Amino acid sequence: MTGTGTSRLRGKRILISGAGVAGPALAHWLTHHGADVTVVEVAPTLRGGGFAVDFRGSAHLGVLKRMGILDELRSLQTHGGAMRCVDAQGREIFTLPAEFAGGEIEVRRADLSRVLYECSKPHAEYIFGDTVTDLNETPRGVRVDFARGASRTVDLVVGADGLHSCIRRIALGPESRFVRHLGHCLAGWEFPNTRGWSPEAEQFNVPGRMASAGADGRDESRAGAFLVFSCPPVTHDWHDAQAHKALIKRAFDGLPWHVPDLLSTLDDARELYFDSISRVSVPSWTAGRFALLGDAAWGVTLGGMGVGTGLVGAYVLAGELAAARGDHHVALPAYEARLRRYAAVWQRGANPGEFLAPSTAARLRLRNAMFRRSLVRRALIASTKSLASNIELPSYTF
Ligand SMILES: Cc1cc2nc3c(=O)[nH]c(=O)nc-3n(C[C@H](O)[C@H](O)[C@H](O)COP(=O)(O)OP(=O)(O)OC[C@H]3O[C@@H](n4cnc5c(N)ncnc54)[C@H](O)[C@@H]3O)c2cc1C
């Protein structure tokens, strides 16, 4: 476990918006340092959608170890296989090794979120089905208004509420100033594996479209579909699942391979993970008594390192607050100074949509030619591991 807690944040009331990955991890560390923590999540329960996420390099694994969840996550590994890129007849074009897609530890995002929630839940208050609607900073705190619950005053508010963060919007301004749509959307859902999909996933492309599917490595009776497609910025409501489904069906209509089969499972999907592939750039992650963390601050959808960076960020933010005994004037700039280069470096230039579903025939040919070369695959694995490790974790033992 994390060792004896500290009381450096005793009496500090901290509100976290978002119970995804970074939010519960921060709740764990803040309560470890003695703070009174409330996490508010807009979804009615912990969100279960998404696919596998991975950890790589010493910083990611180091934080998991300090949190005391490394062994549990090892036991939940997906044991996901390689990813075969195939043509419409199922002939292999190239194969990405398991390590490329799955890093050193790969778990289902839903399992990770649950583990983080369970390790923080005994010490923090969780409120589901509500959201912050207004924030007003005073010299003695921040008054927070909610859509459903009663207003309250806290010492600090952290937006760990993802790409479409409401804390960022309320504290800093509209999403359009900070989030750039990179030209693609993604969709993923689970379905019963009645067609014998293997854990070695298959991926099929035409220009601007990628469809893939594979069995769940821990329960092969389930399979997952994962689609990426070029599309203009989304204008409909992010919570409108029917509109997402209509958009997906239009985008993939008439394509060969197993696409019609996959689309036929969409209407019965229990939970659809849909988002635009976007990059978040926020000039300053902190202002007064507000801080942003995780995708809300530095996200790139499917950027590959969002999960590990979110956990490292949560550890550093809580540690800097404890080091400064809760003085946000000192702690928040220190958090940003320690993390900005680490978090910003891997997202610079990243465009996972263009990699997964190159938008023209020429780009698709170029991508395929590159990934047939084992040297390119090995170089990419090595460079992501080195970027993920490019931070020295402070100790924060007091
Ligand atoms: C359902 C889901 C599935 C995902 N699947 C994958 C995946 O398969 N692969 C991958 O690489 N990344 C995936 N991601 C993104 C990945 O979790 C993040 O990149 C990374 O873990 C950083 O986490 P985060 O906590 O900053 O953001 P997120 O994990 O996105 O969590 C943000 C949380 O904030 C909540 N929220 C949003 N708006 C509000 C609001 N107004 N008020 C309160 N709460 C709010 C969301 O419901 C969510 O629970 C997924 C995200 C989600 C939400």
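Caption draft 1: Molecular detail of the overall build of the protein. The helix and strand inventory of the protein stands at 14 helices and 18 strands. Relative to a compact globule of 398 residues, whose C-alpha radius of gyration would be 21 Å, the protein shows 21 Å and is just as compact. If you line up the protein on its principal axes, its C-alpha atoms span 65 × 40 × 35 Å. Across the 398 residues of the protein, 54% fall into the buried class. Taking the contacts inside the protein whose residues are at least 6 apart along the sequence as the reference set, 73% of them involve residues at least 24 apart. Just so you have it, the protein exposes about 17,100 Å², and 51% of that area is on carbon and sulfur atoms.

Caption draft 2: Examining the nonpolar core more closely. Core analysis: the largest hydrophobic core is formed by 85 residues, its most contacted members being L30 and F55. Here the element with the most residues in this core is helix α10 (residues 306-323); it accounts for ten residues. Not counting chain neighbours up to four residues away, the residues in contact with F55 comprise H60, L61, L64, L73, G103, E104, I105, V107, L112, V307, G308 and L311.

Caption draft 3: How the structure looks around the packing of helix α1 (residues 22-32) against α10. Where α1 contacts α10, the two axes come as close as 8 Å, and the packing angle between them is 30 degrees. It follows from the interaxial angle that α1 and α10 lie roughly parallel. The two elements α1 and α10 cross, and the hand of that crossing is right-handed. Taken together, the residues of α10 that come into contact with α1 (itself represented by A22, A25, L26, W29 and L30) are G310, L311, A314, Y315, L317, A318 and L321.

Caption draft 4: Region of the structure containing the site of the ligand. Near the ligand lie 26 residues; those nearest to it are A22, E41, F51, R109 and D295. V21 places a main-chain nitrogen or oxygen 3.0 Å from an oxygen atom of the ligand. Contact between the ligand and D295: an oxygen atom at 2.7 Å from a side-chain N or O atom of the residue. When the ligand sits alone it has 920 Å² of accessible area, and the protein chains cover 91% of it. Those elements that place two or more of their residues in the shell around the ligand are β2 (36-41), β3 (52-55) and α10. In terms of residue class, the shell around the ligand is made up of twelve nonpolar, nine polar and five charged.

Caption draft 5: Focus on the sheet that holds strand β5 (residues 92-96). Strand order in the open sheet made by the seven strands is β5-β4-β13-β14-β15-β12-β16, with mixed pairing throughout. Of all strands in the sheet, those bounded by a partner on one side alone are β5 and β16 (273-280). Neighbour-to-neighbour, the strand axes of the sheet open up by a mean angle of 20 degrees, direction not taken into account. Helix α13 (residues 361-371) contacts β4 (83-86), β5 and β13 (201-206) of the sheet and is inclined by roughly 60 degrees relative to β5.

What counts, and at which threshold
Residues numbered from 1 in each chain as written. Predicted model: local features only at pLDDT ≥ 70, side-chain atom pairs only at ≥ 80, totals over all residues. Heavy atoms only, no water. Helix = DSSP H or I, 4+ residues; strand = E, 2+ residues; numbered from the N terminus. Rg over C-alpha atoms; globule rule 2.2 N^0.38 Å. Buried < 20%, exposed > 50% of the residue type's maximum accessible area, 1.4 Å probe, protein only. Contact = heavy atoms within 4.5 Å. Areas by Shrake-Rupley, 256 points an atom, 1.4 Å probe, with all protein chains shown as cover. Core = buried A, V, L, I, M, F, W, Y, C linked by side-chain atoms within 4.5 Å. Axes fitted to C-alpha atoms, helices over the stretch in contact; angles between N-to-C directions. Parallel < 35°, antiparallel > 145°, perpendicular 65-115°, else oblique. Left-handed = near helix turned anticlockwise from the far one by under 90°. Near = heavy atom within 4 Å. Polar contact = N/O pair within 3.5 Å; in protein donor to acceptor, adjacent residues only side chain to side chain. Nonpolar A, V, L, I, M, F, W, Y, C, P; charged D, E, K, R; others polar. Pairing = 2+ DSSP bridges.

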